[in-house]
Amino acid sequence: MLASPFQFLLVFRPLIFLAARTHGGEIGIYWGFPESNTTLTTLNNTCNTRNFKVVSIAALSNFGNGTTPREDFGSSCNVATGGCKHLQHDIEHCQRMGIKVQLCVGGPTQNYTLADADEAHSLATYVYGVYLSGSGVDGPLGRVKLDGVDFYLRDNVSRTLETNIEAMAKFLKGYDEDILLSGSMRCDYILGNHLRRALERGLLDKVWPRFYDHTCKYNASQKEPFVSSVKTWTASLNASFYLGLPTRPDYPGRSGYIPPEQLKDALEIPEHSCKYAGVMLWNSHWDVKNDNYSTRIKPIVEATPDKPCITSLQLPISLTNHPTVPPFSNPEKTKQEEMASSSSPPLLPLLLLLGMFSALTAHASGKGIALYWGWHVNNITAAGIEMACKTGHFDQVNIAFLTDFGYGKPPTPDFGTGCDAPSGGCKYLQSEIEYCQSVNVKVLLSIGGFDATYQLPNEEEAHRLAAHVYDVYLSGYGVDEPLGKVKLDGVDFWINDTLSTAYWDVVAVDLKRYDEKVILTGSQACNHSLGVPDIPIYYALKTGLFSRVWARVFGNHYPCIYERGNTASFESAVRNWTTDFQGYVGDFRVAVDCHPKYIRGFIPPEEMEGALDIARKYPTYSGVAVWNRHWDVKYKEDQYAKWPYSETIYHHVQDSLEPDE
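Residues numbered from 1 in each chain as written. Predicted model: local features only at pLDDT ≥ 70, side-chain atom pairs only at ≥ 80, totals over all residues. Heavy atoms only, no water.

1. Looking at the overall build of the protein chain
In terms of helices and strands, the protein chain carries 22 helices and 20 strands. Of the contacts formed within the protein chain by residues at least 6 apart in sequence, a portion of 80% connects residues at least 24 apart. A total of about 25100 Å² of accessible surface is found on the protein chain, and carbon and sulfur atoms cover 51% of it. (Helix = DSSP H or I, 4+ residues; strand = E, 2+ residues; numbered from the N terminus. Contact = heavy atoms within 4.5 Å. Areas by Shrake-Rupley, 256 points an atom, 1.4 Å probe, with all protein chains shown as cover.)

2. Re the nonpolar core
Among the nonpolar cores identified, the biggest contains 91 residues, and F415, L483, F493, W504 and L511 are the most heavily contacted of them. For this core, the element with the most residues is helix α16 (residues 459–474), which contributes 8 residues. Residues A120, V144, V149 and A198 belong to the second largest nonpolar core, which totals 79 residues. (Core = buried A, V, L, I, M, F, W, Y, C linked by side-chain atoms within 4.5 Å. Buried < 20%, exposed > 50% of the residue type's maximum accessible area, 1.4 Å probe, protein only.)

3. Topic: the packing of aromatic side chains
Each aromatic ring pair is characterised by the separation of its centres together with the angle its planes make. A full pass over the atoms with the stated rule returns 36 aromatic pairs. Both rings, one in Y538 and one in Y539, keep their centres 5.3 Å apart while their planes meet at 85°; by these two values the pair is edge-to-face. What makes Y538 buried here is its relative accessible area of 8%. Ring geometry for Y538 versus F581: centroids 5.8 Å apart, planes at 70°, classification edge-to-face. Highlighted residues: Y538 in helix α18 (residues 538–541) and F581 in helix α19 (residues 568–581), separated in sequence by 43 residues. Within the aromatic cluster, the residues linked to one another by ring pairs are Y372, W375, F401, F450, W494, W550 and W627. It is R210 that lies over the ring of Y152; its NZ or CZ is 4.2 Å from the centre. (Phe/Tyr/Trp six-rings, centres within 6.5 Å; stacked < 30°, edge-to-face > 60°. Lys NZ or Arg CZ within 6 Å of the ring centre and 35° of its normal.)

4. Thoughts on helix α5 (residues 159–175)
When the terminal C-alpha atoms of α5 are compared, their 25 Å separation across 17 residues agrees well with the 24 Å that a helix rising 1.5 Å per residue should span. Among the residues of α5, R159, L161, E162, N164, I165, E166, A167, M168, A169, L172 and K173 are the ones counted as buried. (Expected span 1.5 Å × (residues − 1).)

5. Things to note about the state of the cysteines
Scanning all chains against the criterion turns up 7 disulfides. The partner cysteine of C526 in its disulfide is C560, sulfur to sulfur 1.9 Å. On the sign convention where negative means left-handed, the S-S torsion of about 80° between C526 and C560 marks this disulfide as right-handed. Placement of the pair is C526 in the loop between β17 (519–525) and α18 and C560 in the loop between β18 (548–552) and α19, with a sequence separation of 34 residues. This pair shows no difference in class: C526 is buried, exactly as C560 is. (Disulfide = S-S within 2.5 Å.)

6. Section: a negative patch on the surface
A cluster of acidic residues, E609, D613, D655 and E658, forms a negative patch at the surface. When you line up the elements, E609 lands in helix α20 (residues 605–615). (Patch = residues over 30% accessible without salt bridge, like charges linked within 9 Å, V, L, I, M, F, W, Y side chains within 5 Å. Salt bridge = Lys/Arg side-chain N within 4 Å of Asp/Glu carboxyl O. Lys, Arg positive; Asp, Glu negative; His and termini not counted. Charge placed at Lys NZ, Arg CZ, Asp CG, Glu CD.)

7. What to know about the confidence of the model for the protein chain
Confidence in the prediction for the protein chain averages 84 pLDDT; 85% of positions are at 70 or higher. Considering each helix and strand of the protein chain separately, the mean pLDDT is smallest for helix α12 (residues 317–320), with a value of 29, and largest for strand β16 (residues 490–494), with 98. pLDDT under 50 marks residues 312–366. Its contacts with residues more than four places away, or in other chains, come to 159 contacts. (pLDDT = per-residue confidence, 0-100.)

8. Details of helix α17 (residues 504–514)
Where burial is concerned, most of α17 is hidden: 10 out of the 11 residues are buried. Of all the positions in α17, only W504, D505, V506, V507, A508, V509, D510, L511, K512 and R513 are classed as buried.

9. Notes on the pattern of salt bridges
A complete count under the given rule lists 21 salt bridges for this structure. Ionic pairing is found between K206 and E26, a salt bridge with its closest N-O pair at 3.9 Å. Of this pair, K206 sits in strand β8 (residues 206–207) while E26 sits in strand β2 (residues 26–32); the two residues are 180 residues apart in sequence, bridging distant segments of the chain. The class of E26 is partly exposed, set by a relative accessible area of 22%.

10. Some thoughts on the side chain of H595
By secondary structure assignment, the location of H595 is in the loop between β19 (587–593) and α20. From its side chain, H595 meets the backbone nitrogen of K597 in a polar contact 3.1 Å long. Excluding residues within four positions of it along the chain, H595 makes contact with F602, W631, K634, Y635, D638 and Y640. (Polar contact = N/O pair within 3.5 Å; in protein donor to acceptor, adjacent residues only side chain to side chain.)

11. A word on unusual backbone geometry
Along the chain, A58 connects to A59 via a cis peptide bond; the corresponding omega equals 0°. Tracing the chain through its elements places A59 in strand β3 (residues 54–64). In this structure, the amide linkage connecting A400 to the following residue, F401, adopts the cis form with an omega of -10°. Checked against the element boundaries, F401 lands in strand β13 (residues 396–403). Phi is positive for N440, which is not a glycine, with a value near 70°. Along the polypeptide, N440 turns up in the loop between α15 (429–438) and β15 (442–448). We classify N440 as exposed; its relative accessible area is 58%. One non-glycine residue, Y503, adopts positive backbone phi at about 80°. Assessed through its relative accessible area of 24%, Y503 is described here as partly exposed.

Take a look at the structure:
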């Protein structure tokens, strides 16, 4: 059901800030490697066109593994013989014109890597001393003082290089915080953003994802991949955003050229964001060869958009539809920026946004109950996975737990005493899992668990855990492992609250890189303070890769449990969770205990309506998760009711998902 304008105002009022634009975008360009720089495309002449505000000289493209850094600035000058030193005068000429001149590090070749932090430090020291310091070193480009460094990372670089590029960026900012750092990467935000860590740490000032060679390139007849990618980037950045584009239609391996007559239409997408800054072109040689492409697009790029830009916004699924966050419920979210204004928006911007987001819905529809199954409680006969799915009450089942990993230990499956995983006794569950999936119940592997018998002491352990989970439980390779030859739908992170925040985000990113369709969910105790990294998966949730999170409102030491007549702590916890991760996580559920004798925090069925009335106030609410199937069925067997606990609360959950009158 569509939200009314009044509902829209309630949901989005704190998150919207519209700003009038005072200028259009700008153009940057790569100059140098690997093309032949003819007289028309000398650096001096490139700047004299006055088309560009940024020039990236390509490239320092050979480094790492103990090799001496080597530059290749194109065939018009020979670095080895000192033949590129004359470019000092061109560079200084460009800088006097107000053009920022950067050194491109990397490039489309395979000739570079960084083996460790020491190599990152050495390369940063070399680049700073020779190109950035202004200390008078007579380097390959003469005695220059460039404005910054542009990291051009080819597709599919190693995680080691990705990590050490971040370290290099830190070293450069440590030498001089005013150094301009930018980055170029493929346009797929999840699979191609090899500068993610540097971006999240605020080290990059500008990014120009390459909207060519990939499915997210602009296509006038099929715009959705381009639109989705652009909106994901602009919603996720604390840096200026440029479209990376090729300058010729027939460049080998550079599909994605946008003819000038189509560029205005393409730019309307990024122009909605105040982070949009222009376009970055590859490269100057083909710019001139293609009838001065930059000159023809300059009026289009520099034109001031006639619509205000958005600085703080949650994009609904109908607009973003990003393929890497499976839409469990109606809204798909992008990363949340800081609240820019809490004042009520004026009528015109509100109507504008209502027109843009007409597909917004009020609450999720569907079953709205997820179930945990397994762990080391006795799985009684009536509590089987298949029987649970046959009830029709659940939309997700999390098999708990894969645990006891870290410090070199292989992960151990503990799926309950009803089957012995180490001896192969849980393989019969393959058929039950496949039944659940056949009736559209998502089945996930839950990693971690109550007991803190697992750790991620370093990034390498995180990589190993992700690889193991993917190969054994998610890949569909036919590996006959603890659950048989299964292909589960995703991974649930149930992490002990005493553990560190480190490296869970690495696991999440790796899993999405293996398969962008993998579903990620997370569970933590409810006691979370707004904006504070006080839960282990805080940074993982902030990656924007998780479809759902559930806060556990049960436990012996948690003040945020629901108590009738004293609901302030519960409501504060729900508010903190939904506010802090709105825009990062698809939807929010309340995780509840199923049995009054199990642990403190049990919510009797007759009080569930009151608890859910509080939770449903928040737009990302989508139901509950119950812990766990054993205690769910025991609730009936111990004669608390005629039915399992999940059945006694089912109608309350369904009522809570109905839109307000």
